[in-house]
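Here's the letter readout for the chains.
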Amino acid sequence: MPHSYVIATFMMLAGFFAGILFIGLIIGDWLYFIRLTPDAIRYGCRVANNPDQWPGTALTTLSDRFTPEGVLMLPHGVAWFYPQLSQIAIRPQYRLFSRRFRTAWPVKGLIHLSPHDQSLNTLCVKRMPWSSTLMTLLWFVLVLIGSLTFVVQYAMDGGFASLGGTLIGVAVIALAALVLAFGLVTVALAYRLEDSRLMKVYGELRDAVALPTTS
C-alpha cells in the first residue's frame, strides 16, 4: 500500500473524528445552556440586560408562587426560583418535535431580585450559547478577512489597472458586502425572534407573581 495513501486515510479519519467532536461540543454546549440548575444558570454569553420593577411583590412571599422545588411552569416557558441567591432563571420551552421555528441563537434569562420598599427591583440578564456566539463571530471574521485579503492581493496583482479589472473587483467587493449584510440581518432577526419569546415568558412570570395569593 503506498505511503501517501496511508497518510491520506489517517488524515480523513482525523478529520472525521474532529467533525464528530466539534458537533458533540456544540450539542453539549446547547444541552448545558438550556439547563436551569444552579451551576448552569450563569452559563452563556451575556448579550443584554433588562431592568424592571415588580410593584407589590415581596421577596419573602415569592416562594408561594413556585413549587417546593422552586419550579413554575408557564404557558410558553419555565421559571426556576433560587431563594438563597435571590434569582429566578427563565427560558422558553424547547420541545423536540415542535412546529415552531427555532433559530441557532436561543436566549435565556437570569433575573436578579433586590427588595425596594413595597416592590422588587429586577434585572434580567439575557444570555446566548457560547457556541452560537463564537461561530457567528468566527463566520463574520472569516468573511471580512477573506474579503480584505482578496482586495489587497487583487490590487497588488494589478487587478484595478484596467476598467474591466476594476469592474470585477468592485463586483466582488459588492458581493462580499452583500454577504455580510445578509448575515447581519439574519442574526438581528433571529435574535429579535428569540428575545421576543424570552420576554413573553418574562411577562407571564411577572403576571403570575402579581396575582393575589390564595389561602
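The rules behind each value
Residues numbered from 1 in each chain as written. Predicted model: local features only at pLDDT ≥ 70, side-chain atom pairs only at ≥ 80, totals over all residues. Heavy atoms only, no water. Buried < 20%, exposed > 50% of the residue type's maximum accessible area, 1.4 Å probe, protein only. Helix = DSSP H or I, 4+ residues; strand = E, 2+ residues; numbered from the N terminus. Pairing = 2+ DSSP bridges. Axes fitted to C-alpha atoms, helices over the stretch in contact; angles between N-to-C directions. Contact = heavy atoms within 4.5 Å. Salt bridge = Lys/Arg side-chain N within 4 Å of Asp/Glu carboxyl O. Phe/Tyr/Trp six-rings, centres within 6.5 Å; stacked < 30°, edge-to-face > 60°.

## Structural notes on the pairing of strand E3 (residues 77-82)
Working step 1: In terms of residue burial, E3 counts as a mostly covered element, since five of its six residues are buried.
Working step 2: In terms of strand pairing, strand E2 (residues 71-74) meets E3 through four bridges, oriented antiparallel. In the sheet register, Leu72 faces E3, and the bridge partner there is Ala79.
Working step 3: Count of turn residues in the E2/E3 antiparallel hairpin: two residues.
Working step 4: Where E3 meets strand E4 (residues 87-92), six bridges bridge the pair, whose relative direction is antiparallel. Within the sheet, the bridge partner assigned to Val78 lies in E4 and is Arg91.

## Things to note about the sheet that holds E4
Working step 1: Here we have six strands laid out as an open sheet, ordered E1-E6-E5-E4-E3-E2, and antiparallel in their pairing. Lying at the two open borders of the sheet, with one neighbouring strand each, are strand E1 (45-55) and E2. Within the sheet, the average angular offset between the axes of one strand and its neighbour, ignoring direction, is 20°.
Working step 2: Packed on one face of the sheet, helix H3 (residues 163-210) meets E1, E2, E3, E4, strand E5 (108-116) and strand E6 (119-128) and runs near 25° to E1.

## Considerations on the pattern of salt bridges
Think of it this way: side chains of opposite charge can pair up when their charged atoms draw near.
Working step 1: Tallied over the entire structure, the rule returns three salt bridges.
Working step 2: In this structure, Arg206 engages Asp52 in a salt bridge whose closest nitrogen and oxygen atoms are separated by 3.0 Å. Residue Arg206 is found in helix H3, and its partner Asp52 is found in strand E1; the two are separated by 154 residues along the sequence.
Working step 3: For Asp195, the salt bridge is made with Lys126, and the minimal N-O distance between the two is 2.7 Å. Residue Asp195 is located in helix H3, and its partner Lys126 is located in strand E6; the two are separated by 69 residues in the primary sequence.
Working step 4: Since its relative accessible area comes to 16%, Asp195 is described here as buried.

## Focus: the packing of aromatic side chains
Working step 1: Summed over all chains, the structure comprises seven aromatic pairs.
Working step 2: Aromatic pair Trp54 and Tyr202: ring centres 6.0 Å apart, planes at 50°, arrangement tilted. One end of the pair, Trp54, is in strand E1; the other, Tyr202, is in helix H3, and 148 residues separate them in sequence.
Working step 3: Each member of the aromatic cluster is reached from another via a ring pair, and the members are Phe150, Tyr154 and Phe160.

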